[in-house]
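Architecture at a glance
Single-letter residue listing:
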Amino acid sequence: MIKVWLNITRPFNVIITGCAVFIGALLTGNITPLEKIILAILSAGFICAGGNVLNDFFDVEIDRINKPTRAIPAGRITKKAALLFSLSLTTIGIIIAIFITDKALLLAISAVVLLIVYNGHLKRNGGIIGNIIVSFTAALSLIYGGLAVGKLEGTLFPAIFAFLIHLGREIVKDIEDISGDRKAKSCSIPMQFGLSKSYYICFIPLFLLFILTPIPYLLHIYNILYLIMVILSVDSLIIFSFFFFRKKLDKSHLHKLSNILKLVMIFGIISLVIGIL
(Lines give C-alpha, C1' and ligand atoms only; values in the text may rest on other atoms or scores of the structure.)
Protein backbone atom coordinates (compact mmCIF):
# COMPACT_ATOMS: atom_id res chain seq x y z
CA MET A 1 0.00 0.00 0.00
CA ILE A 2 2.91 2.34 0.72
CA LYS A 3 4.06 1.86 -2.88
CA VAL A 4 0.63 3.00 -4.14
CA TRP A 5 0.79 6.22 -2.10
CA LEU A 6 4.35 6.81 -3.23
CA ASN A 7 3.56 6.22 -6.91
CA ILE A 8 0.68 8.71 -6.95
CA THR A 9 3.17 11.46 -6.09
CA ARG A 10 5.18 10.57 -9.26
CA PRO A 11 8.51 10.25 -7.42
CA PHE A 12 10.64 10.64 -10.55
CA ASN A 13 9.13 14.08 -11.18
CA VAL A 14 9.66 14.96 -7.51
CA ILE A 15 13.33 13.98 -7.75
CA ILE A 16 13.74 16.07 -10.92
CA THR A 17 12.19 19.04 -9.09
CA GLY A 18 14.57 18.63 -6.16
CA CYS A 19 17.54 18.40 -8.52
CA ALA A 20 16.35 21.56 -10.31
CA VAL A 21 16.28 23.45 -7.01
CA PHE A 22 19.84 22.37 -6.22
CA ILE A 23 20.99 23.22 -9.76
CA GLY A 24 19.33 26.64 -9.42
CA ALA A 25 21.43 27.34 -6.35
CA LEU A 26 24.57 25.87 -7.91
CA LEU A 27 24.26 28.02 -11.03
CA THR A 28 24.37 31.18 -8.93
CA GLY A 29 27.92 30.18 -7.98
CA ASN A 30 26.93 29.85 -4.34
CA ILE A 31 25.81 26.75 -2.41
CA THR A 32 25.72 28.26 1.05
CA PRO A 33 23.97 28.21 3.39
CA LEU A 34 23.57 24.52 2.57
CA GLU A 35 20.78 24.02 5.10
CA LYS A 36 18.63 26.57 3.21
CA ILE A 37 19.16 24.64 -0.03
CA ILE A 38 18.17 21.38 1.65
CA LEU A 39 15.02 23.03 3.01
CA ALA A 40 14.23 24.40 -0.45
CA ILE A 41 14.67 20.94 -2.01
CA LEU A 42 12.33 19.40 0.57
CA SER A 43 9.80 22.22 0.25
CA ALA A 44 9.71 22.05 -3.56
CA GLY A 45 9.55 18.25 -3.45
CA PHE A 46 6.51 18.23 -1.15
CA ILE A 47 4.76 20.91 -3.22
CA CYS A 48 5.49 19.04 -6.45
CA ALA A 49 4.21 15.78 -4.95
CA GLY A 50 1.06 17.50 -3.70
CA GLY A 51 0.47 19.03 -7.12
CA ASN A 52 0.85 15.64 -8.80
CA VAL A 53 -1.69 14.05 -6.45
CA LEU A 54 -4.05 17.00 -7.03
CA ASN A 55 -3.68 16.43 -10.77
CA ASP A 56 -4.85 12.83 -10.36
CA PHE A 57 -7.74 13.99 -8.14
CA PHE A 58 -9.12 16.32 -10.81
CA ASP A 59 -8.27 14.06 -13.77
CA VAL A 60 -9.89 10.88 -12.53
CA GLU A 61 -12.53 10.74 -15.30
CA ILE A 62 -9.94 11.39 -18.00
CA ASP A 63 -7.59 8.84 -16.43
CA ARG A 64 -10.32 6.17 -16.54
CA ILE A 65 -9.77 6.28 -20.31
CA ASN A 66 -6.14 7.32 -20.74
CA LYS A 67 -4.48 5.79 -17.65
CA PRO A 68 -6.92 3.35 -15.99
CA THR A 69 -4.15 1.70 -13.93
CA ARG A 70 -3.51 4.86 -11.91
CA ALA A 71 -4.39 4.61 -8.23
CA ILE A 72 -7.68 6.57 -8.17
CA PRO A 73 -9.39 5.18 -11.31
CA ALA A 74 -8.18 1.69 -10.34
CA GLY A 75 -9.87 2.09 -6.93
CA ARG A 76 -6.72 1.72 -4.84
CA ILE A 77 -7.05 5.25 -3.42
CA THR A 78 -10.32 7.17 -2.97
CA LYS A 79 -10.73 10.71 -4.30
CA LYS A 80 -11.27 12.05 -0.77
CA ALA A 81 -8.11 10.38 0.52
CA ALA A 82 -6.13 11.69 -2.45
CA LEU A 83 -7.36 15.26 -1.83
CA LEU A 84 -6.40 15.10 1.86
CA PHE A 85 -3.01 13.66 0.91
CA SER A 86 -2.44 16.45 -1.59
CA LEU A 87 -3.39 19.14 0.93
CA SER A 88 -1.09 17.59 3.53
CA LEU A 89 1.89 17.47 1.17
CA THR A 90 1.48 21.05 -0.06
CA THR A 91 0.95 22.33 3.48
CA ILE A 92 4.20 20.68 4.60
CA GLY A 93 5.95 22.26 1.61
CA ILE A 94 4.72 25.73 2.56
CA ILE A 95 5.59 25.28 6.25
CA ILE A 96 9.15 24.31 5.32
CA ALA A 97 9.38 27.42 3.10
CA ILE A 98 8.82 29.60 6.19
CA PHE A 99 12.31 28.64 7.35
CA ILE A 100 14.02 29.55 4.05
CA THR A 101 13.39 33.23 3.24
CA ASP A 102 10.35 35.51 2.97
CA LYS A 103 10.75 35.57 -0.81
CA ALA A 104 10.95 31.77 -0.95
CA LEU A 105 7.75 31.53 1.10
CA LEU A 106 5.99 33.92 -1.28
CA LEU A 107 7.17 31.89 -4.26
CA ALA A 108 6.05 28.63 -2.63
CA ILE A 109 2.56 30.00 -1.94
CA SER A 110 2.36 31.40 -5.47
CA ALA A 111 3.35 28.02 -6.94
CA VAL A 112 0.67 26.23 -4.90
CA VAL A 113 -1.99 28.74 -6.01
CA LEU A 114 -0.96 28.29 -9.66
CA LEU A 115 -1.10 24.50 -9.33
CA ILE A 116 -4.59 24.66 -7.81
CA VAL A 117 -5.86 27.01 -10.53
CA TYR A 118 -4.24 24.90 -13.25
CA ASN A 119 -5.50 21.52 -12.04
CA GLY A 120 -8.91 22.79 -10.99
CA HIS A 121 -9.75 24.85 -14.07
CA LEU A 122 -7.10 25.74 -16.63
CA LYS A 123 -6.03 22.22 -17.59
CA ARG A 124 -9.44 21.53 -19.12
CA ASN A 125 -10.60 25.05 -19.93
CA GLY A 126 -7.47 27.15 -20.41
CA GLY A 127 -5.98 25.72 -23.60
CA ILE A 128 -2.45 27.03 -24.15
CA ILE A 129 -2.76 29.25 -21.05
CA GLY A 130 -2.97 26.12 -18.91
CA ASN A 131 0.14 24.69 -20.58
CA ILE A 132 2.00 27.95 -20.01
CA ILE A 133 1.01 28.11 -16.33
CA VAL A 134 2.15 24.57 -15.49
CA SER A 135 5.40 25.03 -17.45
CA PHE A 136 6.06 28.31 -15.66
CA THR A 137 5.46 26.64 -12.31
CA ALA A 138 7.94 23.89 -13.16
CA ALA A 139 10.58 26.47 -14.17
CA LEU A 140 10.19 28.20 -10.79
CA SER A 141 12.13 25.33 -9.17
CA LEU A 142 15.37 26.82 -10.49
CA ILE A 143 14.44 30.28 -9.22
CA TYR A 144 13.59 28.69 -5.87
CA GLY A 145 17.14 27.38 -5.60
CA GLY A 146 18.47 30.87 -6.23
CA LEU A 147 16.21 32.35 -3.57
CA ALA A 148 17.47 29.78 -1.07
CA VAL A 149 20.97 31.27 -1.32
CA GLY A 150 19.73 34.84 -1.73
CA LYS A 151 21.02 35.22 -5.27
CA LEU A 152 19.17 35.01 -8.60
CA GLU A 153 22.04 35.74 -11.01
CA GLY A 154 22.59 32.70 -13.18
CA THR A 155 19.07 31.28 -12.86
CA LEU A 156 17.28 33.24 -15.63
CA PHE A 157 18.45 31.29 -18.67
CA PRO A 158 18.08 27.88 -16.96
CA ALA A 159 14.51 28.86 -16.00
CA ILE A 160 13.74 29.83 -19.62
CA PHE A 161 15.35 26.56 -20.73
CA ALA A 162 13.13 24.57 -18.35
CA PHE A 163 10.00 26.52 -19.29
CA LEU A 164 10.39 25.87 -23.03
CA ILE A 165 11.06 22.13 -22.62
CA HIS A 166 8.12 21.73 -20.25
CA LEU A 167 5.82 23.67 -22.57
CA GLY A 168 6.66 21.45 -25.53
CA ARG A 169 6.25 18.31 -23.44
CA GLU A 170 2.93 19.46 -21.93
CA ILE A 171 1.46 19.81 -25.41
CA VAL A 172 2.79 16.35 -26.37
CA LYS A 173 1.08 14.91 -23.28
CA ASP A 174 -2.16 16.63 -24.33
CA ILE A 175 -1.90 15.01 -27.77
CA GLU A 176 -1.29 11.64 -26.08
CA ASP A 177 -4.35 12.12 -23.84
CA ILE A 178 -6.76 13.29 -26.52
CA SER A 179 -9.14 10.32 -26.06
CA GLY A 180 -9.88 11.21 -22.45
CA ASP A 181 -9.97 14.93 -23.28
CA ARG A 182 -12.74 14.30 -25.81
CA LYS A 183 -14.91 12.72 -23.13
CA ALA A 184 -14.14 15.53 -20.68
CA LYS A 185 -14.78 18.12 -23.42
CA SER A 186 -11.42 19.73 -22.74
CA CYS A 187 -10.32 22.71 -24.80
CA SER A 188 -6.72 21.49 -25.02
CA ILE A 189 -4.64 22.39 -28.09
CA PRO A 190 -5.24 18.98 -29.77
CA MET A 191 -8.98 19.39 -29.24
CA GLN A 192 -8.86 22.81 -30.91
CA PHE A 193 -6.40 22.15 -33.75
CA GLY A 194 -6.27 18.38 -34.27
CA LEU A 195 -3.30 16.02 -33.97
CA SER A 196 -1.09 17.09 -36.88
CA LYS A 197 -1.24 20.84 -36.22
CA SER A 198 -0.78 20.27 -32.50
CA TYR A 199 2.37 18.28 -33.19
CA TYR A 200 3.91 21.24 -35.02
CA ILE A 201 2.70 23.61 -32.28
CA CYS A 202 4.44 21.54 -29.60
CA PHE A 203 7.75 21.98 -31.41
CA ILE A 204 7.51 25.78 -31.53
CA PRO A 205 8.91 26.21 -27.97
CA LEU A 206 11.38 23.38 -28.59
CA PHE A 207 12.75 25.01 -31.74
CA LEU A 208 12.91 28.32 -29.89
CA LEU A 209 15.02 26.54 -27.28
CA PHE A 210 17.17 25.11 -30.10
CA ILE A 211 17.85 28.67 -31.27
CA LEU A 212 18.57 29.96 -27.77
CA THR A 213 20.95 27.21 -26.57
CA PRO A 214 24.17 28.69 -28.06
CA ILE A 215 23.52 32.19 -26.69
CA PRO A 216 24.91 31.65 -23.14
CA TYR A 217 28.15 30.42 -24.67
CA LEU A 218 28.32 33.38 -27.06
CA LEU A 219 27.75 35.71 -24.11
CA HIS A 220 30.55 33.92 -22.21
CA ILE A 221 28.17 32.78 -19.49
CA TYR A 222 29.01 29.09 -19.98
CA ASN A 223 32.14 27.39 -21.30
CA ILE A 224 32.78 25.43 -24.51
CA LEU A 225 31.95 22.14 -22.76
CA TYR A 226 28.39 23.42 -22.29
CA LEU A 227 28.08 24.17 -26.01
CA ILE A 228 29.38 20.74 -27.02
CA MET A 229 27.13 18.92 -24.55
CA VAL A 230 24.01 20.90 -25.37
CA ILE A 231 24.47 20.42 -29.13
CA LEU A 232 25.17 16.69 -28.87
CA SER A 233 22.35 15.94 -26.45
CA VAL A 234 19.62 18.59 -26.27
CA ASP A 235 19.72 20.06 -29.79
CA SER A 236 20.28 16.75 -31.57
CA LEU A 237 17.44 15.07 -29.67
CA ILE A 238 15.05 17.90 -30.54
CA ILE A 239 15.86 17.63 -34.27
CA PHE A 240 15.78 13.82 -34.22
CA SER A 241 12.44 13.76 -32.39
CA PHE A 242 10.81 16.22 -34.77
CA PHE A 243 11.57 14.20 -37.89
CA PHE A 244 11.24 10.72 -36.36
CA PHE A 245 7.83 11.17 -34.73
CA ARG A 246 6.27 13.49 -37.31
CA LYS A 247 4.28 10.69 -38.98
CA LYS A 248 3.90 8.56 -35.85
CA LEU A 249 1.18 10.20 -33.78
CA ASP A 250 -0.24 7.06 -32.17
CA LYS A 251 -0.36 6.81 -28.37
CA SER A 252 2.69 4.54 -28.11
CA HIS A 253 5.01 6.81 -30.10
CA LEU A 254 3.72 9.95 -28.38
CA HIS A 255 4.52 8.36 -25.02
CA LYS A 256 8.05 7.66 -26.25
CA LEU A 257 8.37 11.26 -27.43
CA SER A 258 7.25 12.48 -24.00
CA ASN A 259 9.94 10.32 -22.36
CA ILE A 260 12.59 11.59 -24.77
CA LEU A 261 11.70 15.17 -23.85
CA LYS A 262 12.05 14.20 -20.19
CA LEU A 263 15.52 12.94 -21.11
CA VAL A 264 16.19 16.30 -22.81
CA MET A 265 15.45 17.99 -19.47
CA ILE A 266 18.05 15.81 -17.74
CA PHE A 267 20.65 16.41 -20.44
CA GLY A 268 19.88 20.11 -20.23
CA ILE A 269 20.58 20.15 -16.49
CA ILE A 270 23.85 18.25 -17.04
CA SER A 271 24.87 20.71 -19.77
CA LEU A 272 24.26 23.68 -17.50
CA VAL A 273 26.29 22.16 -14.68
CA ILE A 274 29.18 21.35 -17.04
CA GLY A 275 28.94 24.89 -18.36
CA ILE A 276 29.96 26.46 -15.04
CA LEU A 277 32.85 24.10 -14.24
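Predicted, not measured: the structure shown is a model, and the values here were computed from it. (Residues numbered from 1 in each chain as written. Predicted model: local features only at pLDDT ≥ 70, side-chain atom pairs only at ≥ 80, totals over all residues. Heavy atoms only, no water.)

**Concerning the overall build of the protein**
Where we set the bar: Runs of H or I in DSSP of at least four residues are treated as helices and runs of E of at least two as strands, each being numbered from the N terminus. Buried residues are those whose accessible area, probed at 1.4 Å on protein chains only, stays under 20% of the maximum for their type, while exposed residues exceed 50% and partly exposed ones sit between those limits. In what follows, a contact means two residues having at least one pair of non-hydrogen atoms within 4.5 Å.
When helices and strands are tallied, the protein shows 14 helices and 0 strands. In the protein, the succession of α and β elements from N to C terminus is α-α-α-α-α-α-α-α-α-α-α-α-α-α. Considering only C-alpha atoms, the protein reaches an extent of 50 × 45 × 30 Å along its principal axes. Relative to its full complement of 277 residues, the protein shows a buried share of 49%. Across the protein, the fraction of contacts at a sequence separation of at least 24, relative to all contacts at a separation of at least 6, is 75%.

**Points about the packing of aromatic side chains**
We apply this condition: Two aromatic rings from Phe, Tyr or Trp, using only the six-membered ring of Trp, form a pair when their centres are within 6.5 Å; if the ring planes differ by under 30 degrees the pair is stacked, by over 60 it is edge-to-face, and anything between is tilted. Two conditions define a charge located above a ring, namely a distance within 6 Å from the ring centre to NZ of Lys or CZ of Arg, and an angle within 35 degrees of the ring normal.
Counted according to the given criterion, the structure contains 15 aromatic pairs. Summarising the aromatic geometry, the rings of tyrosine 199 and phenylalanine 203 are spaced 5.1 Å apart at their centres and angled 55° between planes, so their arrangement reads as tilted. Of the two residues, tyrosine 199 and phenylalanine 203 are both situated in helix H11 (residues 195-212); the distance of 4 residues between them amounts to about one turn of the helix. By relative accessible area, which is 1% here, tyrosine 199 ends up buried. Under the relative-accessibility criterion, phenylalanine 203 is labelled buried at 0%. Residue placement shows lysine 79 over the ring face of phenylalanine 57; its charged tip is 4.7 Å from the ring centre.

**Observations regarding the pattern of salt bridges**
Between side chains of opposite charge, a pair can form as their charged atoms come close. Just so we agree on the cut-off: Within this document, salt bridges are pairs made up of a side-chain nitrogen of Lys or Arg and a carboxyl oxygen of Asp or Glu, the two lying within 4 Å of each other.
Tallying each qualifying case throughout the model produces 5 salt bridges. In this structure, the salt-bridge partner of aspartate 177 is lysine 67, at a minimum N-O distance of 2.9 Å. In this pair, aspartate 177 sits in the loop between helix H8 (156-176) and helix H9 (178-184) while lysine 67 sits in the loop between helix H4 (60-66) and helix H5 (79-97), placing the two residues 110 residues apart along the sequence. Using a relative accessible area of 13% as the deciding quantity, one classes aspartate 177 as buried. Classification of lysine 67 by relative accessible area gives partly exposed; the value is 22%. A salt bridge links lysine 173 to glutamate 170; the nearest nitrogen and oxygen atoms lie 3.2 Å apart. Of this pair, lysine 173 and glutamate 170 both sit in helix H8, 3 residues apart, which is roughly one turn of the helix. Take lysine 173: its relative accessible area is 24%, and that puts it in the partly exposed class. What you see here is one network of salt bridges that share partners, running through Arg10, Asp56 and Arg70.

**Quick notes on a nonpolar patch on the surface**
Basically, it comes down to this: To count toward a patch, a residue needs a relative accessible area above 30% and no salt bridge. Like charges then connect within 9 Å, nonpolar side chains (Val, Leu, Ile, Met, Phe, Trp, Tyr) within 5 Å. Per-residue and other accessible areas follow the Shrake-Rupley method at a 1.4 Å probe size, with only the shown protein chains counted as cover for residues.
Taken together, the side chains of Phe22, Ile31, Leu34, Ile38 and Leu42 present a nonpolar region at the surface, about 400 Å² in accessible area. At 3 residues, helix H3 (residues 34-58) tops the list of elements feeding residues into the nonpolar patch. As for its placement among the helices and strands, isoleucine 38 is situated in helix H3.

**So, helix H7 (residues 128-148)**
Inclusion rule: What a helix is expected to span follows from its residue count: subtract one and scale by 1.5 Å. Bend at a residue means the angle formed by two fitted axes: the first through the 7 residues ending at that position, the second through the 7 residues beginning there.
With 21 residues, H7 extends 31 Å from end C-alpha to end C-alpha; this agrees with the ideal 30 Å at 1.5 Å per step. Where H7 bends most, the angle comes to about 30°, and this point is serine 141. With 16 of 21 residues buried, H7 lies mostly within the body of the structure. Looking one or two residues past H7, glycine 150 carries a phi angle of roughly 70°, positive in sign.

**Side note on the state of the cysteines**
Let me state the cut-off plainly: Here, the term disulfide refers to a pair of cysteine sulfur atoms separated by no more than 2.5 Å.
Applying the stated criterion across every chain yields a total of 0 disulfides. Summary of cysteine pairing: cysteine 48 is not part of a disulfide, and the nearest cysteine sulfur, belonging to cysteine 19, is at 11 Å. The buried category is assigned to cysteine 48, whose relative accessible area is 15%.

**Considerations on the environment of glycine 45**
Residue position: glycine 45 is located in helix H3. Sequence-wise, glycine 45 and isoleucine 94 are 49 residues apart; in three dimensions their C-alpha atoms are separated by 11 Å.

**Observations regarding the side chain of asparagine 55**
To be explicit about the condition: Nitrogen and oxygen atoms within 3.5 Å of one another constitute a polar contact, given that in protein one can donate a hydrogen and the other can accept it, and given that sequence-neighbouring residues count only through two side-chain atoms.
Mapping asparagine 55 onto the fold places it in helix H3. Of note is the side chain of asparagine 55, whose polar atom sits 2.9 Å from the side chain of asparagine 119. The residues contacting asparagine 55, other than those within four sequence positions of it, are Arg10, Arg70, Tyr118, Asn119 and Lys123.

**Structural notes on the confidence of the model for the protein**
Using the following cut-off: Confidence per residue, as judged by the predictor, is encoded in pLDDT with a range of 0 to 100.
In the predicted model, the protein carries a mean pLDDT of 91, and the fraction of residues at 70 or more is 99%. For the protein, per-element mean pLDDT is lowest for H9, which scores 71, and highest for H5, which scores 96.

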